[in-house]
Protein chains: 2
Amino acid sequence: MTDTLLDSRNLAFELYEVLDAEGLTQRPRFADHNRETFDAAIGTARTIADKYFAPHNRKSDENEPKYVDGAAELIPEIKPAVDAFLEAGFLNATRTFEQGGMQMPNLLSQACFAHFQSANAATSSYAMLTMGAANLIEAFGNDEQKQRFLQPMIEGRFFGTMALTEPHAGSSLSDIRTKAEPAEDGSYRLKGNKVYISGGDHPLSDNIVHMVLAKLPDAPPGVKGISLFIVPKFLVNDDGSVGARNDVALAGLFHKMGWRGTTSTALNFGEKGECVGYLVGKPHQGLSYMFQMMNEARIGVGMGATMLGYAGYLYSLEYARDRPQGRLPDGKDPSSAQVAIVEHTDIKRLLLTQKAYVEGAFDLGLYAARLFDDTETLETEEQRRTALELLDLLTPIVKSWPSEFCLKANEHAIQILGGAGYTREYPVEQYYRDNRLNPIHEGTHGIQSLDLLGRKVAMNNGAALKQLSSLIQATCARASEYDSLNALREPLEKLHAHIGKVTMALLGDMGQGKINQALANSALYLNTFGHMVIGWRWLEQAVCAERGLANGKASDADFYRGKLQAARFFLTWEVPACHHALSILENRDDTCLEMQNDWF
Amino acid sequence: MTDTLLDSRNLAFELYEVLDAEGLTQRPRFADHNRETFDAAIGTARTIADKYFAPHNRKSDENEPKYVDGAAELIPEIKPAVDAFLEAGFLNATRTFEQGGMQMPNLLSQACFAHFQSANAATSSYAMLTMGAANLIEAFGNDEQKQRFLQPMIEGRFFGTMALTEPHAGSSLSDIRTKAEPAEDGSYRLKGNKVYISGGDHPLSDNIVHMVLAKLPDAPPGVKGISLFIVPKFLVNDDGSVGARNDVALAGLFHKMGWRGTTSTALNFGEKGECVGYLVGKPHQGLSYMFQMMNEARIGVGMGATMLGYAGYLYSLEYARDRPQGRLPDGKDPSSAQVAIVEHTDIKRLLLTQKAYVEGAFDLGLYAARLFDDTETLETEEQRRTALELLDLLTPIVKSWPSEFCLKANEHAIQILGGAGYTREYPVEQYYRDNRLNPIHEGTHGIQSLDLLGRKVAMNNGAALKQLSSLIQATCARASEYDSLNALREPLEKLHAHIGKVTMALLGDMGQGKINQALANSALYLNTFGHMVIGWRWLEQAVCAERGLANGKASDADFYRGKLQAARFFLTWEVPACHHALSILENRDDTCLEMQNDWF
């Protein structure tokens, strides 16, 4: 039977054959770990995901949160699932032993968390949001804030949210209007409205800690005037006990296409003028704090998109193996038995496309998680800074590529099931609906593309881009040891060279102040750059597969051959198709730029 | 204010500037028509669509049909809508005056029907299914069957379905098991199960006439042993009155991701051994009858996909014009006013892509409808046969291209609305869910691709393909009169030449018996061929727009410029990107063909 949660063999391949997870245990922080502790954690994650998260995934979709008397009501299955997750320690997997954590590499924590994301995107979100909010306080909060808010979050008693978006401004955080007035006791009084706040209300924890962006009275206009505040749902007494209700009202719930188990809320802060908030860090630095935590959140979104794609791939694979239908084009004898649809070439294409997308994205997500470990645990500051530069560069890809292409994978999963796939009797349509959120939240595609081309590739004189280029070249060098990989390596080298050329040209334009023109087709740049990155990761996987074929167990041969075929698919079908988009960028094509509102 | 149902100016452009609808009135059958009667019919369609179809589109989604005591219950708004449609005569728009029809060209009937499809895909389906079933009886039924079943369908008292699919066989009609045994009175007794039968039960009509594929006892195996039967829900007495319930049971309803207002049913025929059916035409000819009616149904599906895309495009355009957010990349002054998002280049890209897809598909759908008129009303049999050949060739494109690319358009519409687009408070997410059905029903994408490459392009020694090539060349010749169109024409010519070359090569392979190999990548062929066809239609639109700019009203200039920009987008961004797929076909790439089940 096909495993429909996450392919364990592939996870082991990633951790131990591609990303050298065991190598991390050489670092002091992870010295107490080894492959056995890693595998034990993964085993526990799988068990809890199977037992508590997967069973209510459909029910949660069919019974979305209800607004009752100013609060959000959830189905009863969510709390035991989240509790089991907390109890097993996954919320703090990466925190130190002193903090009550497992001192795990981020790589392993993401690998564990992937099981929950595959089993139930919505329920796992409550945990992810809490991790994000806790990390913000940990990084930028003062000791009292850590004592009062972070500690209960680590203990799983308080949950968290990120409250950025406002109704009139959407992605344009520069234009937020939520105000924070200083009060006499050193705290602040907030007033404003936030929308699409995930996890903004629920009965899963004793308290909810909102991390709110707002403006102080003396704030300069725009993004340089945004401050970050802790705004708890309930005030917290000096002894740590939960006190009176704060002036944060649940104005309503949004009714989403998918991802329904996670409350999406409209929150009103300070309707009565009594909304107490606490400034985090320095005034007007809120957005930069938020951005410093963004890498982690965006890896999380990318992995979430990946796991929805992965779940759909595995389900449709199982279906294709079990479902007899039709015959091959040259076998028209109607009295012969029908073949399993996995034998039809076009079904193989739909499966291979999914495999290439989801396993490519999965590799990249874990690669980014390991890079995150590097930013924290490499020996020298220079090394850590260099790792962070690369991670900053890759983050828009890590977030957006899976959001786009694993959604496409879900579309293919439905197609394999045909009419059945279009019904709610099967899970693939929910994956598709759930996944449609990912290109929107945590920075839309368009915003990721501006971030990549407008900021990241130029950072520090293109240092990160040069670093990435060296890594790609190193993989190509390793691949060139295998003649069998020439046909896979060459398209990557060609795309890499072409992107380099186009990047220089566009950066040159920006240097001359042609900002709008140079950024006009940034979405094409994002997709193409993404294909280069995923192509690189597939070539790396192919090298490891060749190594495995040569040295590994005979029983793994099929696994490695599948890897090589998916790499071949991605590098020879998809990667070479990117050059036309690059030529559009190269020609400074102004078709979209020059389109006028009145012409539509 | 933006029109969100269907752009009237664009419809007039199609009918009177591109497709010469007025020219049809020279033909005897349409002699009583003129532009005024056409426009009056369109006006009525718009009014009824606005008044009766659009208002319950969301409600119908939120309150899907219920299975109650063996019958399907619908929300009450559906019947008045369908009744208004019937009363206005749209069901029989193309039938003769003697039959009680309007003797309209199919082109105009499709143009009218497009309004209903845009306003409410699900409710309009009941009409479309009935038209399809009625046309089958009209073409192949005997006089008694026409009297007993067709006449009440024309009068709107009986509705129809197409009952093909069975649980164990899906698209493989060769393997259906439903049996039909001859009875003494010349009728038949059917026994079998059908699934995904749209409109298989509902309370909208006095009776439901199922057109059922089944096998006679002496049937040869496979598709050559399939016969077509009329199986009414209620028997019909000799005086035409509705009689006893036939042995057709509603086994259950499917719960779909979208398109929820249309019942999707599981039907059991002959549970008690008393299911009466009537053979249509000759034994064992059922599938060929069905296929002869397929062109019309597939145009209908393609137009349905198009109209969902169109509705999403127009809605997201209106939203983009109304919604202020952010500033242009070079205008970072946070104290300046936010711009409407339609001013952002990436939003223009998302809108222009939608416009290129939906208006390209809309043109093709109407072109096919006009071609359908040619198959019936051109003067000589030779001319009619030639038209039918071209329509047969284009049908897989007419069905599949909009299903794929107008779904993509809906994805973009959601993206423009951002978080709002992901909620059910806005209509675009429903369009996306509704549209996901279209690549599945009436022949999946994979099946369309085999039909195109495996049958259609080779038909009659490639006569239809040669005809299409001549038409493309003729459009290119017209376009070459405008220097401004050179950059649009050349990519089409290049793609056309490349497809010609690849087609010859693949047909050569098939001639040598390499069937599985030649058809292995047929899905790429379908998409690429589709882009050539839509590119051709866009170049034709561009020629008409240039003509309009030169000779038309000044107030139309913006409209024509928009057409030219969308044509430019499609022909310079999308068409040239197809060559890599063609090179995969050209190289007889076996990546998918050689992928093994065990390697996944």
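Remember, it's a predicted structure, so these values are computed and weren't measured experimentally.

Thresholds, definitions, all that
Residues numbered from 1 in each chain as written. Chains lettered and ligands numbered in written order. Predicted model: local features only at pLDDT ≥ 70, side-chain atom pairs only at ≥ 80, totals over all residues. Heavy atoms only, no water. Helix = DSSP H or I, 4+ residues; strand = E, 2+ residues; numbered from the N terminus. Rg over C-alpha atoms; globule rule 2.2 N^0.38 Å. Buried < 20%, exposed > 50% of the residue type's maximum accessible area, 1.4 Å probe, protein only. Contact = heavy atoms within 4.5 Å. Areas by Shrake-Rupley, 256 points an atom, 1.4 Å probe, with all protein chains shown as cover. Domains from an automatic or database assignment. Buried area = accessible area lost by both parts, 1.4 Å probe. Salt bridge = Lys/Arg side-chain N within 4 Å of Asp/Glu carboxyl O. Least-squares fit on C-alpha atoms with pLDDT ≥ 70 in both. UniProt positions renumbered as here; feature names shortened; annotations may be inferred. Expected span 1.5 Å × (residues − 1). Pairing = 2+ DSSP bridges. Phe/Tyr/Trp six-rings, centres within 6.5 Å; stacked < 30°, edge-to-face > 60°. Lys NZ or Arg CZ within 6 Å of the ring centre and 35° of its normal. Polar contact = N/O pair within 3.5 Å; in protein donor to acceptor, adjacent residues only side chain to side chain. Axes fitted to C-alpha atoms, helices over the stretch in contact; angles between N-to-C directions. Parallel < 35°, antiparallel > 145°, perpendicular 65-115°, else oblique. Left-handed = near helix turned anticlockwise from the far one by under 90°. Nonpolar A, V, L, I, M, F, W, Y, C, P; charged D, E, K, R; others polar. Core = buried A, V, L, I, M, F, W, Y, C linked by side-chain atoms within 4.5 Å. Disulfide = S-S within 2.5 Å.

A word on the overall build of chain A
Per the secondary structure count, chain A includes 21 helices and twelve strands. For 600 residues, the compact-globule formula gives about 25 Å, and the C-alpha radius of gyration of chain A, at 24 Å, lands near that figure. Taken along its principal axes, the extent of the C-alpha atoms in chain A is 80 × 60 × 60 Å. Relative to its 600 residues, chain A shows a buried fraction of 64%. A separation of at least 24 residues holds for 75% of the contacts in chain A among residues at least 6 apart in sequence. Accessible surface computed for chain A: about 20600 Å², of which carbon and sulfur atoms make up 50%.

Side note on the domain arrangement of chain A
By a widely used convention, the size of an interface equals the accessible area lost when the partners come together. Residue and element names in this part refer to chain A. Segmentation of chain A into domains returns domain 1 (8–140), domain 2 (158–284) and domain 3 (444–594). A straight line from the C-alpha centre of domain 1 to that of domain 2 covers 25 Å. Every contact between the two is made by 25 residues of domain 1 and, on the other side, 28 residues of domain 2. Summing both partners gives a buried area of about 2300 Å² for domain 1 against domain 2, and 70% of it is carried by carbon and sulfur.

Some thoughts on the side chain of B:Arg46
Within the secondary structure, B:Arg46 is located in helix H3 (residues 35–53). Every residue in contact with B:Arg46, bar those within four places of it in the chain, is listed here: B:Asp3, B:Leu5, B:Leu6, B:Ser8 and B:His115.

Examining the pattern of salt bridges
The final tally for this structure, using the stated rule, is 72 salt bridges over all chains. With its nearest N and O atoms 3.2 Å apart, the salt bridge here joins A:Lys355 to A:Glu359. With A:Lys355 and A:Glu359 both in helix H11 (residues 345–377) and four residues apart, the pair spans about one turn of that helix. Classification of A:Glu359 by relative accessible area gives buried; the value is 1%. In this structure, B:Asp363 engages B:Arg537 in a salt bridge whose closest nitrogen and oxygen atoms are separated by 2.5 Å. Of this pair, B:Asp363 sits in helix H11 (residues 345–377) while B:Arg537 sits in helix H18 (residues 522–551); the two residues are 174 residues apart in sequence, bridging distant segments of the chain.

Quick word on the relation of the copies chain B and chain A
Superposing chain B onto chain A requires a rotation of 180° together with a translation of 0.0 Å along the rotation axis, leaving an RMSD of 0.0 Å. Such a combination of rotation and displacement between the chain copies is what one expects of a two-fold axis. Using C-alpha coordinates, one finds that chain B approaches the rotation axis most closely at B:Ala577, a distance of 3.4 Å.

Observations regarding the UniProt feature "domain: Acetyl-CoA dehydrogenase-like C-terminal" (unreviewed entry) in chain A
On the UniProt side, "domain: Acetyl-CoA dehydrogenase-like C-terminal" (unreviewed entry) is annotated at positions that read residues 471–596 of chain A here. The span residues 471–596 of chain A is 79% helix and 0% strand, and its two end C-alpha atoms sit 42 Å from each other.

Description of helix H7 (residues 121–140) of chain B
Given a rise of 1.5 Å per residue, 20 residues ought to cover 28 Å, and the 28 Å separating the end C-alpha atoms of H7(B) matches this to within 8%. With 17 of 20 residues buried, H7(B) lies mostly within the body of the structure.

Section: helix H6 (residues 106–119) of chain A
Over its 14 residues, H6(A) extends 20 Å from the first C-alpha to the last, a length consistent with the 20 Å expected when each residue adds 1.5 Å. Where burial is concerned, most of H6(A) is hidden: 14 out of the 14 residues are buried.

Quick look at the pairing of strand S5 (residues 188–198) of chain B
All names here are of chain B. Pairing between strand S4 (residues 179–182) and S5: four bridges, direction antiparallel. In the strand pairing of S5, lysine 179 is matched with lysine 191. Taking the residues that link successive antiparallel strands as the turn, the S4-S5 hairpin has five residues, and the phi of glycine 186 there is positive, at about 90°. Sheet topology note: the S5/strand S12 (residues 275–280) ladder contains three bridges and is antiparallel. Across the sheet, tyrosine 188 pairs through a bridge with glycine 277, a residue of S12.

A short note on unusual backbone geometry
Most peptide bonds adopt trans geometry, and most residues besides glycine take a negative phi value. Residues and elements named next belong to chain A. The residue aspartate 20 is not glycine, and still its phi comes out positive at about 50°. Assignment of secondary structure puts aspartate 20 in the loop between helix H1 (8–18) and helix H2 (21–24). Looking at aspartate 20, the relative accessible area reads 42%, which means it is partly exposed.

Description of the packing of aromatic side chains
Taken as a whole, this structure holds 48 aromatic pairs over all chains when the rule is applied. Between A:Phe149 and A:Tyr278, the ring centres sit 5.6 Å apart and the planes meet at 40°, which makes this aromatic pair tilted. One end of the pair, A:Phe149, is in helix H8 (residues 143–154); the other, A:Tyr278, is in strand S12 (residues 275–280), with 129 residues separating them in the sequence. What makes A:Phe149 buried here is its relative accessible area of 1%. Counting every residue linked through ring pairs, the aromatic cluster contains A:Phe53, A:Phe85, A:Phe90, A:Phe113 and A:Phe116. Sitting over the face of the ring of A:Tyr16, A:Arg35 holds its NZ or CZ atom 3.7 Å from the ring centroid. Its end group placed over the ring of B:Phe559, B:Arg9 keeps NZ or CZ at 4.5 Å from the ring centre.

What to know about the interface of chain B and chain A
At the junction of the two partners, chain B supplies 96 residues and chain A supplies 96 residues. Note on chain B versus chain A: buried area summed over both sides is about 8600 Å², and carbon and sulfur give 55% of it. Looking only at chain B, the three residues that lose the most surface to chain A are B:Tyr422, B:Trp573 and B:Phe600, adding up to 11% of its buried area. The interface formed by chain B and chain A includes eight salt bridges. Where B:Arg327 meets A:Asp175, a salt bridge forms, and the shortest distance between an N and an O atom there is 2.5 Å. Across the contact surface, chain B and chain A share 58 residue pairs in polar contact (both at pLDDT 80 or more).

Structural notes on the environment of A:Ala420
With respect to the element layout, A:Ala420 can be found in the loop between helix H12 (381–417) and helix H13 (428–435). Given a relative accessible area of 4%, A:Ala420 falls into the buried group. Aside from chain neighbours lying at most four places away, what touches A:Ala420 is A:Tyr319, A:Tyr426 and B:Tyr196.

Digging into the packing of H6(A) against helix H10 (residues 294–322) of chain A
Residues and elements named next belong to chain A. Contact geometry of H6 with H10 gives a least axis separation of 9 Å together with a crossing angle of 45°. Taken together, the axis directions place H6 and H10 in an arrangement best described as oblique. Crossing hand, H6 versus H10: right-handed. In contact with Asn106, Gln110, Ala114, Gln117 and Ser118 of H6, H10 contributes Glu296, Ile299, Gly300, Met303, Gly304, Met307 and Ala311. Classifying every residue of the contact of H6 with H10 gives five nonpolar, six polar and one charged.

Thoughts on the packing of helix H7 (residues 121–140) of chain A against H10(A)
Residue and element names in this part refer to chain A. Where H7 contacts H10, the axes come no closer than 10 Å and their chain directions differ by 170°. As far as their axial angle goes, H10 and H7 are roughly antiparallel. Contact residues: H7 offers Ala121, Met128 and Asn135, while H10 offers Glu296, Ala297, Gly300, Val301 and Leu308. Of the residues assigned to the contact of H7 with H10, the class counts are five nonpolar, two polar and one charged.

A look at the nonpolar core
Counting residues in hydrophobic clusters, the biggest one holds 292 residues, and the most contacted among them are A:Leu468, A:Phe529, B:Phe85, B:Leu468 and B:Phe529. Among all residues touching A:Phe529, those that are not within four sequence positions of it are A:Leu393, A:Ile397, A:Leu452, A:Val457, A:Leu465, A:Leu468 and A:Ile499.

A few points about the environment of B:Asp201
Residue and element names in this part refer to chain B. Inspection of the secondary structure assignment puts aspartate 201 in the loop between S5 and strand S6 (207–214). On the accessibility criterion, aspartate 201 (3% relative accessible area) is buried. The sequence separation of aspartate 201 and threonine 161 amounts to 40 residues, and the corresponding C-alpha distance is 9.2 Å. Not counting residues within four places of it along the chain, the set of residues in contact with aspartate 201 comprises Gly70, Ala71, Ala72, Ile208, Lys233, Leu250, Thr263 and Thr265. A polar contact is formed between the side chain of aspartate 201 and the side chain of lysine 233, at a distance of 2.7 Å.

As for the side chain of A:His498
All names here are of chain A. Positionally, histidine 498 belongs in helix H16 (residues 486–511). In this structure the side chain of histidine 498 is engaged in a polar contact, spanning 2.9 Å, whose partner is the side chain of glutamate 586. When near neighbours in sequence (up to four residues on either side) are disregarded, histidine 498 contacts His579, Leu582, Ser583 and Glu586.

Some remarks on the state of the cysteines
Inspection of every chain in the model, using the stated rule, returns zero disulfides over all chains. Summary of cysteine pairing: A:Cys112 is not part of a disulfide, and the nearest cysteine sulfur, belonging to A:Cys406, is at 20 Å. When its relative accessible area of 2% is taken as the criterion, A:Cys112 is described as buried. Cysteine B:Cys406 is unpaired, with the sulfur of B:Cys578 as its nearest cysteine sulfur at 16 Å. For B:Cys406, a relative accessible area of 0% puts it in the buried group.

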